[in-house]
Amino acid sequence: VQYIDAVADYLGEFEQLILLALARLGEDAYGVTIRETLIERTGRQSSFGAIYSTLRRLEHKGLVESAWGEPEAVRGGRAKKLVTLTARGKTALRESHAAVMRMSEGVSGLKR
Amino acid sequence: MRHPLNWLARLRRSSQEAQALLGDLEEDYSNRVRDRRSWLGAQVWYARELLTAGVFAMLDKREPTPSAAQSRRTIFRLRLLPDLRYAVRRWRRRPAFAATAILTLALGIAAATAIFSIVDAVLLRPLPWHDPDSLVVIHGVYPERRSNPATAATWNRGDVSYPVWDALRPSPLFHDVGVWRPAGQGTILGEDRTQLLEKLDVSSNFLPLLGVPLTLGRYFSEREDNVPSDSILISYETWQKRFDGRPQVIGERVSLGRASSGPNDRQPKTIVGVLSAGFEFQGLRPDVLEPVGLSAAANRKYFSGSLRVVARLESFTRIETAALAAATLVAAADTREPTTARLVPIVEEQLGGPAQSLWLLFGGAGLLLLVACTNVAGLLLGEARVRRHEIAVRAALGGTRARVVRQLLVEHTLMAVTGAALGVLFARWMVGAIIAIAPEGLPRIDTVAIDLRVVAFAFVAGLGTLLVFGIAPALTLARTPVARVLAEGSRDGGVSRLLGQRFIVVAEIALALVLLTGAHLFGETILRLTSQPLGFSPDGVLVASTTFTGSRTGESRLGGMAPLREAQQLLQAGRLPGGGATMRVMIDQSLRDTGRLRTDRVLERLAAVPGVDIAAGSNAMPFLGNPFRVPVVIDGRPADERQDALQYGVTDRYFDAMRIPLLSGRAFGPEDTPRPGSAEQPVVVSAEFERRFFPHGAVGGKYRYVYGGNFELSVHHRVIGVAGDVKRQEVTDDERPAYYVSYRQGSAASHFLVRTTGDPMVLVPAIRKAVADVTPELVITATDRLSTRVERSVMDERFRATLSSLFGGAAVLLAAVGLYGLITRRAADRRREFGVRIALGARPADVGRLVVRDALLIITLGLIVGLPAAYAAAQVTQSLLFGVTPSSPHVFALTAVTLAIVALFATLLPARRASRANPILALKE
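The rules behind the values
Residues numbered from 1 in each chain as written. Chains lettered and ligands numbered in written order. Predicted model: local features only at pLDDT ≥ 70, side-chain atom pairs only at ≥ 80, totals over all residues. Heavy atoms only, no water. Helix = DSSP H or I, 4+ residues; strand = E, 2+ residues; numbered from the N terminus. Contact = heavy atoms within 4.5 Å. Areas by Shrake-Rupley, 256 points an atom, 1.4 Å probe, with all protein chains shown as cover. Buried < 20%, exposed > 50% of the residue type's maximum accessible area, 1.4 Å probe, protein only. Salt bridge = Lys/Arg side-chain N within 4 Å of Asp/Glu carboxyl O. Patch = residues over 30% accessible without salt bridge, like charges linked within 9 Å, V, L, I, M, F, W, Y side chains within 5 Å. Buried area = accessible area lost by both parts, 1.4 Å probe. Polar contact = N/O pair within 3.5 Å; in protein donor to acceptor, adjacent residues only side chain to side chain. Nonpolar A, V, L, I, M, F, W, Y, C, P; charged D, E, K, R; others polar. Axes fitted to C-alpha atoms, helices over the stretch in contact; angles between N-to-C directions. Parallel < 35°, antiparallel > 145°, perpendicular 65-115°, else oblique. Core = buried A, V, L, I, M, F, W, Y, C linked by side-chain atoms within 4.5 Å. pLDDT = per-residue confidence, 0-100. Phe/Tyr/Trp six-rings, centres within 6.5 Å; stacked < 30°, edge-to-face > 60°. Pairing = 2+ DSSP bridges. Expected span 1.5 Å × (residues − 1). Left-handed = near helix turned anticlockwise from the far one by under 90°.

A.B. asks: Help me out: how do you make sense of the overall build of chain A in this one?
C.D. replies: Helix and strand counts for chain A come out as 4 helices and 2 strands. Going from the N terminus to the C terminus, chain A shows its helices and strands as α-α-α-β-β-α. Intrachain contacts of chain A at a sequence separation of at least 6 include 50% that bridge at least 24 residues. A total of about 6600 Å² of accessible surface is found on chain A, and carbon and sulfur atoms cover 53% of it.

A.B. asks: Help me understand the overall build of chain B in this model?
C.D. replies: Each helix and strand in chain B was counted, giving 25 helices and 21 strands. For chain B, with 925 residues in total, the buried portion stands at 50%. Across chain B, contacts joining residues at least 24 apart in sequence account for 79% of those joining residues at least 6 apart. For chain B, the exposed surface amounts to about 43300 Å²; the carbon and sulfur share of it is 58%.

A.B. asks: Teacher, can you tell me more about the pattern of salt bridges here?
C.D. replies: Where charged atoms of side chains with opposite charge meet at close range, the side chains can pair. Here the structure, examined in full by the defined rule, presents 52 salt bridges over all chains. In the salt-bridge network here, residues are joined through shared partners; they are R35 of chain A together with D28, R32 and E49 of chain B.

A.B. asks: Would you explain a nonpolar patch on the surface in this entry?
C.D. replies: A cluster of nonpolar side chains, V897, I901, F905 and L908 of chain B, forms an exposed patch at the surface whose accessible area comes to about 400 Å². For V897 of chain B, the location among the structural elements is in helix 24 (residues 889–915).

A.B. asks: Help me out: how do you make sense of the interface of chain B and chain A in this one?
C.D. replies: It is common to report an interface's size as the accessible area lost on association of the parts. Residue-level contacts link 34 residues of chain B with 25 residues of chain A. Summed over both partners, the interface of chain B with chain A buries about 2600 Å², with 51% contributed by carbon and sulfur atoms. Taken together, the links from chain B to chain A amount to 7 salt bridges. For E49 of chain B, the salt bridge is made with R35 of chain A, and the minimal N-O distance between the two is 3.2 Å. Here chain B is connected to chain A by 16 residue pairs in polar contact (both at pLDDT 80 or more). Mapped by element, the contributors of at least two residues to the side of chain B that touches chain A are helix 1 (15–34) and helix 2 (39–59) of chain B. The biggest single contributor to the side of chain B that touches chain A is helix 1 of chain B, with 15 residues. Grouping the constituent residues of the side of chain B that touches chain A by class yields 12 nonpolar, 11 polar and 11 charged.

A.B. asks: Would you mind showing me how to read the packing of helix 2 (residues 31–42) of chain A against helix 1 of chain B here?
C.D. replies: A packed helix pair is summarised by two numbers, namely the angle formed by the two axes and the spacing between the axes. Remark: helix 2 of chain A packs on helix 1 of chain B, axes separated minimally by 8 Å, with the N-to-C direction vectors making an angle of 55°. Between helix 2 of chain A and helix 1 of chain B, the angle falls in the class oblique. Of helix 1 of chain B, the residues touching helix 2 of chain A (which contributes G31, V32, R35 and E36 of chain A) are D24, E27, D28, N31 and R32 of chain B.

A.B. asks: I would appreciate a short explanation of the environment of A87 of chain A in the present structure.
C.D. replies: All names here are of chain A. Secondary-structure assignment places A87 in helix 4 (residues 87–104). The class for A87 is exposed, based on a relative accessible area of 62%. Between the C-alpha atom of A87 and that of G62, which follows or precedes it by 25 residues, the distance is 9.2 Å.

A.B. asks: Could you clarify how one ought to interpret the nonpolar core in this entry?
C.D. replies: Here is a general trend for soluble globular proteins: nonpolar side chains tend to be buried in one another's company. L210, F279, Y654 and Y740 of chain B are the most contacted members of the largest nonpolar core, which has 149 residues in total. In terms of residue count, the dominant contributor to this core is helix 4 (residues 95–124) of chain B (17 residues). Dropping the residues within four chain positions of it, Y740 of chain B is found in contact with Y648, V650, Y654, F655, I660, F668, P682, V683, V684, A723 and V726 of chain B. In this structure, L11, L17 and L22 of chain A together with W45 of chain B belong to the second largest nonpolar core, which totals 36 residues.

A.B. asks: Any chance you could explain the confidence of the model for chain A here in plain terms?
C.D. replies: Residues shown with low pLDDT carry predicted positions that ought not to be read at fine detail. On average, chain A scores 82 in pLDDT, and the residues at 70 or more come to 88%. No element of chain A has a lower mean pLDDT than helix 4 of chain A, at 85, and none a higher one than helix 2 of chain A, at 90.

A.B. asks: What is the right way to look at the packing of aromatic side chains in this model?
C.D. replies: The description of an aromatic ring pair rests on the distance of the ring centres and on the angle between the ring planes. Residues and elements named next belong to chain B. As enumerated under the stated definition, the model contains 24 aromatic pairs over all chains in all. Where F206 meets F281, the ring centres are 5.1 Å apart and the plane angle is 85°; that geometry is what we call edge-to-face. Here the residue F206 occupies a position in helix 6 (residues 206–210), and F281 occupies one in the loop between strand 7 (266–275) and strand 8 (288–291), the gap between them amounting to 75 residues. Exposure remark for F206: the relative accessible area of 0% places this residue in the buried category. The buried category is assigned to F281, whose relative accessible area is 0%. Between F689 and F693 the ring centres are 4.8 Å apart and the planes differ by 85°, which places this aromatic pair in the edge-to-face class. Pair noted here: F689 and F693 are both in helix 18 (residues 687–693), with a separation of 4 residues, about one helical turn. Assessed through its relative accessible area of 0%, F689 is described here as buried. The exposure class of F693 is buried, given its relative accessible area of 12%. Among the aromatic side chains, those forming a connected cluster through ring pairs are W129, W180, F206, F279 and F281.

A.B. asks: Explain the pairing of strand 19 (residues 738–742) of chain B here, please?
C.D. replies: The side chains of a regular strand alternate between the sheet's two faces. Residues and elements named next belong to chain B. With respect to burial, strand 19 is a largely interior element, 5 of its 5 residues being buried. The two faces of strand 19 match: A738, Y740 and S742 on one face and Y739 and V741 on the other face are all buried. Pairing analysis gives 5 bridges linking strand 14 (residues 643–650) to strand 19, with the strands arranged parallel. The partner of Y648 across the bridge, within strand 19, is Y740.

A.B. asks: Quick question: what am I supposed to make of helix 3 (residues 48–60) of chain A here?
C.D. replies: Note: α-helices contain 3.6 residues per turn, so residues at a spacing of three or four share the same orientation. The end-to-end C-alpha distance of helix 3 of chain A is 18 Å, a good match for the 18 Å that 13 residues give at a rise of 1.5 Å each. Buried within helix 3 of chain A we find F48, G49, A50, I51, Y52, S53, T54, L55, R56, L58, E59 and H60 of chain A. Of the surrounding secondary structure, the elements contacted by the buried residues of helix 3 of chain A are helix 1 (13–25), helix 2, strand 1 (64–68) and strand 2 (81–85) of chain A together with helix 1 and helix 2 of chain B. Backbone geometry just after helix 3 of chain A places G62 of chain A at a positive phi near 80°.

A.B. asks: Mind showing me how you'd approach helix 4 of chain A here?
C.D. replies: Between the first and last C-alpha of helix 4 of chain A there are 26 Å, a value that for 18 residues agrees with the 26 Å anticipated at 1.5 Å per step. Of the surrounding secondary structure, the elements contacted by the buried residues of helix 4 of chain A are helix 1 and strand 2 of chain A.

A.B. asks: Mind showing me how you'd approach the packing of helix 4 of chain B against helix 10 (residues 346–396) of chain B here?
C.D. replies: Residue and element names in this part refer to chain B. Between helix 4 and helix 10, whose axes approach to 9 Å, the crossing angle comes to 165°. It follows that helix 4 is roughly antiparallel to helix 10 by the angle criterion. As for how helix 4 packs across helix 10, the hand of that crossing is left-handed. Grouping the amino acids of the contact of helix 4 with helix 10 by side-chain chemistry returns 27 nonpolar, 4 polar and 1 charged.

A.B. asks: Sorry if this is basic, but what is going on with the pairing of strand 5 (residues 231–234) of chain B here?
C.D. replies: Residue and element names in this part refer to chain B. The alternating pattern of strand 5 places S231 and L233 on one face and I232 and I234 on the opposite face, and all of these are buried. Taken together, the 2 bridges between strand 5 and strand 8 define a ladder with antiparallel strand orientation. Bridge assignment links L233 to a residue of strand 8, and that residue is L289.

A.B. asks: Before we go on, may I ask you to explain the environment of Y219 of chain B in this structure?
C.D. replies: Residue and element names in this part refer to chain B. Following the sequence through the fold, Y219 ends up in the loop between strand 4 (214–217) and strand 5. Here the alpha-carbon distance between Y219 and N205, two residues 14 residues apart in the chain, equals 8.2 Å. The residues touching Y219, leaving out its near neighbours within four places in the chain, are L207, P208, V212, P213 and L214. Polar side-chain contacts of Y219 include one of 2.6 Å to the backbone oxygen of V212.

A.B. asks: Hey, could you run me through the confidence of the model for chain B in this one?
C.D. replies: All names here are of chain B. With 89% of its residues at a pLDDT of 70 or more, chain B has an overall mean of 81. At the low end of the mean pLDDT range in chain B sits helix 8 (residues 296–302), at 54; at the high end sits helix 17 (residues 654–658), at 93. This model gives residues 64–69 a pLDDT under 50, and the stretch forms 8 contacts once residues within four places in sequence are excluded. Note that residues 260–264 has pLDDT below 50 and, in this model, 4 contacts with residues that lie over four places away or in other chains. Listed scores for the predicted complex are pTM 0.67 and ipTM 0.82.

Right under this line is the structure:
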């Protein structure tokens with residue numbers, strides 16, 4: 001099974017948002033909290049399916065890593081997929097944020 | 001939360017991830033519900049989430065994470081499937097190899113599976129009682145019976161009496177103690193056609209103790225243990241067959257007749273319950289159950305032992321404790337006999353007999369499977385040599401060792417599964433054949449079936465053995481020295497010593513020797529048994545066993561009653577000379593007369609049936625019923641010197657019909673009709689009787705049969721002839737003194753036998769009709785060839801002999817095939833050498849001898865390994881043998897020679913082929 005490690009450096013917008021959410025959440029990042037953070041911060045109602053697919057892509061690129069938590073009753077006895085940023089993930093986030101900042105520098109009408 | 005759309009989440013490739021997603025959904029969902037948002041909204045949200053998740057999962061299908069484990073389906077699709085396809089392609093290219101391997105495996109699995117299905121049904125399945133492990137039977141022990149050969153068989157498994165039951169019941173070690181006894185046969189009166197019923201007397205706690213549920217009605221009450229009662233329970237089958245399964249049967253009254261008993265035997269009964277289907281206990285399938293209390297009072301009085309005890313232990317009771325308690329309680333019971341008691345777990349009691357034989361056969365089948373697997377391993381090793389080149393090429397192209405091993409394991413698994421599936425098919429067929437020859441009385445043999453358990457066994461056996469036996473070839477291949485093999489090019493590489501394969505064939509020959517020895521031992525046993533002289537000729541004899549169901553003084557349609565009726569009228573009128581005493585003598589006389597008359601009429605009709613050469617009757621027959629065992633005192637000996645003798649009652653032509661030779665004197669004839677005033681009864685004695693009691697010739701000798709143990713009541717016998725000895729129940733019986741009295745002395749025949757020249761069974765309908773024409777009260781209970789009955793007594797031995805011969809034969813065949821394959825390959829390897837030898841002047845015979853010598857070495861090694869194993873295995877069979885001992889040298893010599901000869905035959909073809917090696921072709925290569 002071949003996987004071609006391409007365009008690892010490019011970050012999509014939703015990917016960026018999720019990485020930011022992970023950075024914010026630290027140890028307690030998993031489906032529900034990631035989703036809540038997204039809603040809280042952006043007002044965007046994202047689906048779990050989208051979040052999981054994005055996380056999988058990020059994991060692929062080596063930007064995040066995951067671990068399995070303990071099963072909980074409130075989750076119907078199912079485990080959490082806990083996600084954290086890797087060092088490479090933090091770098092990528094920093095770089096893409098810097099890129100956005102550099103691009104937006106001096107552009108009028110962005111700041112309120 | 002269970003949701004019909006949850007499967008959508010499982011579209012994710014990682015099932016763990018799918019679980020996490022579902023967990024997230026559930027957590028969020030419960031938050032929503034807790035926050036009192038609308039339930040409907042939460043539902044809609046949940047479903048929409050699942051749909052989206054499904055879509056996303058499908059979108060990222062082609063992007064698996066390298067870290068996460070791949071789903072099983074992917075492994076199958078990407079790894080196993082190509083391996084499987086490859087395996088099938090290879091088999092197609094080498095159909096002979098594939099077919100031999102798979103069929104060999106299937107054969108081994110079929111044998112093991114077929115026997116397993118029987119072992120499973122008969123031995124492994126729990127008995128149909130509640131908690132059978134805590135059930136025990138308690139036998140009476142009668143040490144003094146041991147000295148008497150006739151009772152020795154039951155000395156430690158005797159029946160017990162009421163006081164014994166009373167003594168056992170209060171013990172706190174037993175949860176409950178029940179009793180039962182077979183109560184013979186009966187009839188339901190008033191049915192169109194008289195049919196016999198098997199009856200069983202049971203205590204009220206018997207069925208609850210075993211945990212047998214009722215279909216309808218109630219159990220017997222405790223009161224019915226002690227007082228006479230007219231309650232009966234009927235079996236489910238009787239209910240269905242005779243009462244049409246109608247529920248109103250409870251409370252119905254029926255009249256039970258007792259087969260062959262005294263007058264007034266019409267007993268009105270009330271049906272109180274119906275048993276559950278399939279009730280069977282200790283090999284009995286009773287139709288009617290009666291409370292044992294029917295005759296409790298009488299039994300208490302007489303202390304006679306007729307009861308059998310079944311008890312349930314308390315959960316805390318250890319079996320040894322219970323055994324000790326039972327022995328002590330019985331010894332102290334208010335009765336002279338039995339002396340003490342013996343306790344046996346019911347599992348052992350019911351299955352102990354067939355267990356040894358079946359496990360032995362299972363062991364045999366296991367060995368055969370082992371031989372089959374060894375053979376397949378040999379084939380695989382041979383195949384491995386053929387494939388060296390291919391494997392080397394694959395390795396050179398980057399195939400790892402693990403990859404090669406995996407490919408081979410897949411191939412072996414496929415082989416095992418195919419073999420197991422075929423094996424199950426064969427086993428289905430084999431089981432039917434095995435059951436057909438299985439000895440009677442194997443419990444639960446009717447429940448044998450190829451079910452899931454058995455199929456599982458077949459597959460586990462197939463996979464397990466092939467994986468174990470496939471490892472060596474797989475590793476050999478995986479270790480292929482790539483460079484060397486490739487350097488050799490496509491040619492076979494030189495002379496190989498084929499060590500692995502030689503080892504395997506040696507093992508096969510050793511195993512085959514073990515199986516063949518077993519076959520020999522059991523085969524010789526059955527040969528010795530069937531060549532035992534019986535003393536009569538069973539061939540061409542049909543026996544119809546009958547039971548007289550009518551009352552003997554009742555309104556018999558036979559003639560002998562007329563004088564009795566007259567006398568009765570005279571007696572009532574007070575004009576009978578001698579009064580009541582005369583009447584009693586007349587009744588006695590008429591009883592004898594009616595029995596004799598009935599026998600005469602039946603014989604008349606039988607003799608008239610076309611095809612019947614001789615018709616005769618008796619009250620006891622070899623292999624059909626036990627003769628009376630009576631005490632006799634030879635004239636001139638002291639009155640207390642009593643001897644045991646067996647007594648048969650026979651009709652005039654009995655000796656002719658049975659072809660029992662008359663050694664001296666004459667047989668019975670009309671002149672032996674008892675005359676009034678004659679005190680002596682004419683008898684024919686057996687050769688053993690003469691040998692023991694009249695060493696100077698029995699004819700004319702006199703002795704007394706001590707009737708009822710009272711010397712004063714002796715019946716005087718005068719010997720008129722001497723007949724040859726006959727076997728009684730077993731072909732292994734020893735000779736015992738026996739004598740025959742004429743049926744004219746008052747014993748009606750219950751077995752009728754006819755001798756014919758053709759197949760006796762074609763006479764059955766005519767015989768049935770002839771008997772029924774005489775009186776409908778005479779019921780035929782069984783018709784059989786006498787030879788069948790004799791054969792049945794050796795069914796156990798025949799069964800073991802047949803199966804062990806099949807196993808032995810199959811093992812020898814497999815070993816021969818294995819040896820053939822090996823020698824062929826060895827010869828092929830050496831064909832250059834042979835070519836050179838021939839070119840240098842060796843004669844073809846010399847080359848052939850080289851090949852045979854090669855084979856001889858392997859055969860000898862196999863025999864050397866196999867002999868001690870066979871000797872050890874043979875000792876296990878000791879108790880099942882007759883006329884041959886498991887250590888007699890001739891057994892091992894003969895089996896070893898047989899095996900060696902068969903094995904040498906297998907090498908003839910390769911040897912011939914080798915001797916014809918063309919030197920020019922061989923050298924050119």
